[in-house]
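Read off the chains here:
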Amino acid sequence: MAKTPKLNLREMTDADLKSKLADEKSRMTRLRFNHAVTPLENPMVIRQVRRDIARMTHEMANRIKKNANN
């Protein structure tokens with residue numbers, strides 16, 4: 001199984017990161033629904049998307065914290 005390339009979150013702007021986060025959340029919703037109706041061919045995609053969402057959320061929190069300290 002080939003690994004997907006990691007997102008380079010630190011190089012993204014705040015707007016790009018928010019947009020990507022919203023897209024991934026909607027993708028996660030669709031994947032969960034589709035998996036409930038008909039099992040996905042590769043259910044590990046759900047795990048990968050969930051982890052990407054967590055990475056993006058963490059990066060957003062770090063940026064907010066960094067801006068609050070300055």
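Report follows, based on the coordinates. (Residues numbered from 1 in each chain as written. Predicted model: local features only at pLDDT ≥ 70, side-chain atom pairs only at ≥ 80, totals over all residues. Heavy atoms only, no water.)

### Here we look at the environment of Glu24
Line of reasoning, step 1. Checked against the element boundaries, Glu24 lands in helix α1 (residues 14–37).
Line of reasoning, step 2. In this structure, the C-alpha to C-alpha distance between Glu24 and Met56, residues 32 residues apart in sequence, is 9.5 Å.
Line of reasoning, step 3. In contact with Glu24, not counting residues within four places along its chain, are Val49, Ile53 and Met56. (Helix = DSSP H or I, 4+ residues; strand = E, 2+ residues; numbered from the N terminus. Contact = heavy atoms within 4.5 Å.)

### As for the pattern of salt bridges
Line of reasoning, step 1. Counted according to the given criterion, the structure contains five salt bridges.
Line of reasoning, step 2. Across the pair Arg63 and Glu59 runs a salt bridge whose closest N-O atoms are separated by 3.1 Å. Of this pair, Arg63 and Glu59 both sit in helix α2 (residues 44–69), four residues apart, which is roughly one turn of that helix. Exposure class is identical for Arg63 and Glu59. Each is buried.
Line of reasoning, step 3. Salt bridges here are not isolated pairs; linked through shared partners, they connect Asp14, Glu59 and Arg63. (Salt bridge = Lys/Arg side-chain N within 4 Å of Asp/Glu carboxyl O. Buried < 20%, exposed > 50% of the residue type's maximum accessible area, 1.4 Å probe, protein only.)

### Comments concerning a positive patch on the surface
Line of reasoning, step 1. Taken together, the side chains of Arg32, Arg47, Arg50 and Arg51 define a basic patch exposed on the protein surface.
Line of reasoning, step 2. Per-element tally for the positive patch: the top contributor is α2, with three residues.
Line of reasoning, step 3. Considering the arrangement of structural elements, one finds Arg47 in helix α2. (Patch = residues over 30% accessible without salt bridge, like charges linked within 9 Å, V, L, I, M, F, W, Y side chains within 5 Å. Areas by Shrake-Rupley, 256 points an atom, 1.4 Å probe, with all protein chains shown as cover. Lys, Arg positive; Asp, Glu negative; His and termini not counted. Charge placed at Lys NZ, Arg CZ, Asp CG, Glu CD.)

### So, the nonpolar core
Looking at soluble globular proteins, one finds that nonpolar side chains tend to be buried together.
Line of reasoning, step 1. Grouped together as the largest cluster of nonpolar side chains are ten residues: Leu9, Leu17, Leu21, Met28, Leu31, Ile46, Val49, Ile53, Met56 and Met60.
Line of reasoning, step 2. Per element, the largest residue contribution to this core is five residues, and it comes from α2.
Line of reasoning, step 3. Not counting residues within four places of it along the chain, the set of residues in contact with Met56 comprises Leu7, Leu9, Leu17, Lys20, Leu21 and Glu24. (Core = buried A, V, L, I, M, F, W, Y, C linked by side-chain atoms within 4.5 Å.)

These figures come from the coordinates and say nothing about function on their own.
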